[in-house]
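Working through the structure, step by step
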Amino acid sequence: MTIEQSTKKQFIAGAKCPQCNQLDVLVFYREDAKPVRECVECSFREVLTEEEKQKNNLQINIKTI
Ligand SMILES: [Zn+2]
């Protein structure tokens, strides 16, 4: 059994997709050490910069699944 931690995705609790406007559809994971937000319902995908990460830090509540 191998646990693949590098591709682990976490749902962002209470987050709304800016593209399809659905709730609890955004996942958060790291790609090449950069944090990425991605929607599981549509094609929305956003790589967060350090600045954006800090700006949004207080509002992001990550729920481990
Ligand atoms: Zn979406």
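Details of the structure are given in the entry above.
Residues numbered from 1 in each chain as written. Predicted model: local features only at pLDDT ≥ 70, side-chain atom pairs only at ≥ 80, totals over all residues.

**Comments concerning the pairing of strand E2 (residues 26–31)**
The pairing of strand E1 (residues 10–12) with E2 spans 2 bridges and is antiparallel. Following the sheet pairing, Phe-11 is matched in E2 by Val-27. Taken together, the 6 bridges between E2 and strand E3 (residues 34–39) define a ladder with antiparallel strand orientation. When the sheet's bridge partners are listed, Val-27 is paired in E3 with Glu-38. What sits between E2 and E3 in their antiparallel hairpin is a turn of 2 residues, with Asp-32 showing a positive phi close to 55°. (Pairing = 2+ DSSP bridges. Helix = DSSP H or I, 4+ residues; strand = E, 2+ residues; numbered from the N terminus.)

**Here's the deal with the pairing of E3**
Relative to strand E4 (residues 45–47), E3 is paired through 3 bridges, and the arrangement is antiparallel. Counterpart to Val-36 in the pairing with E4 is Val-47. The antiparallel pairing of E3 with E4 creates a hairpin that spans 5 residues between the two strands.

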